[in-house]
Amino acid sequence: MKTVVTAAVLLLMAAGAFAVSIRSFQEKGFLFNNAYLYASEQERSAMDKKPYYRQSAVVFFLAGLTLLLCAAEVVSGSRRIFYSELAVAAAAVIYAVISSIRIRTKKKSEQRKWK
């Protein structure tokens, strides 16, 4: 019973992550990104939100995939799935860091063009 409840909660969380990912790929809904959340109102209105929506969409997709793999591990009892979970979670972190650097670099190069 405990396994079923745990798997159901993980699947529900995965579905939520996938839903946020789909909405972010469509560039609709709230933008779950630190660059946007910490920006002032003026910065938000002038911000090109497209790369931030894409970054959030990919990260939420990878988080949903991680949660889906966690549910599969709970249901199957196989410890081998754990390594797949780690790989996907590591990919999400690496992608988030690299894409943040690329967004920042592109933003700085565009600012230099206008000066």
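Just so it is clear, the structure is predicted and the values come from calculations on it, not from any experiment. Starting afresh in each chain, residues are numbered from 1 along the sequence in its written order. Selection of residues for local features in this predicted model requires a pLDDT of at least 70, selection of side-chain atom pairs for listing and counting requires 80 or more, and totals for whole chains, interfaces and linings are taken over all residues. Side-chain numbers here rest on the full set of heavy atoms in the structure, without hydrogens or water.

A. Spatial organisation of helix 4 (residues 50-76). With 27 residues, helix 4 should reach 39 Å at 1.5 Å per residue; the first-to-last C-alpha distance of 39 Å fits that figure. Working definition: helices are DSSP H or I runs of at least four residues, strands are E runs of at least two. Numbering for both runs from the N terminus. Of the residues trailing helix 4, Gly77 is marked for its positive phi of about 80°. Here the expected length of a helix is defined as 1.5 Å per residue gap, with one fewer gap than residues.

B. Molecular detail of the packing of aromatic side chains. Classification of ring pairs uses Phe, Tyr and Trp, with its six-membered ring standing for Trp, and accepts pairs whose centres are within 6.5 Å; under 30 degrees between planes counts as stacked, over 60 as edge-to-face, and the remaining range as tilted. Under the counting rule described, the total for this entry stands at five aromatic pairs. Measuring from centroid to centroid gives 6.3 Å for Phe30 and Tyr36, while their planes differ by 80°, and the two rings are edge-to-face. Remark: exposure states derive from per-residue accessible area (1.4 Å probe, protein chains only) relative to the maximum for the residue type, with buried under 20%, exposed over 50%, and partly exposed in between. Overall, the relative accessible area of 47% leaves Phe30 in the partly exposed class. The structure contains a cluster of three or more aromatic residues connected by ring pairs, namely Phe30, Phe32, Tyr36 and Phe60. In this analysis the charged atom, NZ for Lys or CZ for Arg, is taken to sit over a ring once it is within 6 Å of the ring centre and within 35 degrees of the ring normal. Above the plane of the ring of Tyr36 lies Arg44, whose end atom (NZ or CZ) is 4.5 Å from the centre.

C. Summary view of a positive patch on the surface. A surface patch of like charges, here positive, comprises Arg104, Lys107, Lys108 and Arg112. Within the secondary structure layout, Lys107 lies in helix 5 (residues 81-114). For patch building, the residue pool is restricted to those with more than 30% relative accessible area and no salt bridge; the joining distance is 9 Å between like charges and 5 Å between nonpolar side chains (Val, Leu, Ile, Met, Phe, Trp, Tyr). Using a 1.4 Å probe, accessible areas were evaluated by the Shrake-Rupley method; residue-level cover was limited to the displayed protein chains. Any carboxyl oxygen of Asp or Glu that lies within 4 Å of a side-chain nitrogen of Lys or Arg is treated as forming a salt bridge with it. Only four residue types enter the charge count: Lys and Arg as positive, Asp and Glu as negative, with His and the chain ends excluded. For charged residues, the charge sits on one atom: NZ in Lys, CZ in Arg, CG in Asp, CD in Glu.

D. How the structure looks around the layout of surface pockets. The space that makes up the largest pocket amounts to roughly 1,000 Å³. Grid points spaced at 1 Å and placed over the protein atoms alone form the basis of the search, with a cavity being a set where a 1.4 Å probe fits but cannot get out and a pocket an open set showing protein on both sides within 12 Å along at least five of seven lines. Lining residues have an atom within 4 Å of a point. Looking at the largest pocket, it is lined by 31 residues, and the ones nearest its centre are Pro51, Tyr52, Ile103, Arg104 and Lys107. Elements supplying a minimum of two residues to the lining of the largest pocket: helix 2 (34-37), helix 3 (41-46), helix 4 and helix 5. All amino acids are sorted into three groups, where Ala, Val, Leu, Ile, Met, Phe, Trp, Tyr, Cys and Pro are nonpolar, Asp, Glu, Lys and Arg are charged, and the leftover types, Gly among them, are polar. Looking at side-chain class alone, the lining of the largest pocket contains 14 nonpolar, seven polar and ten charged residues. Grid points are joined across faces, edges and corners, and a volume is the space filled by probe spheres set on the points.

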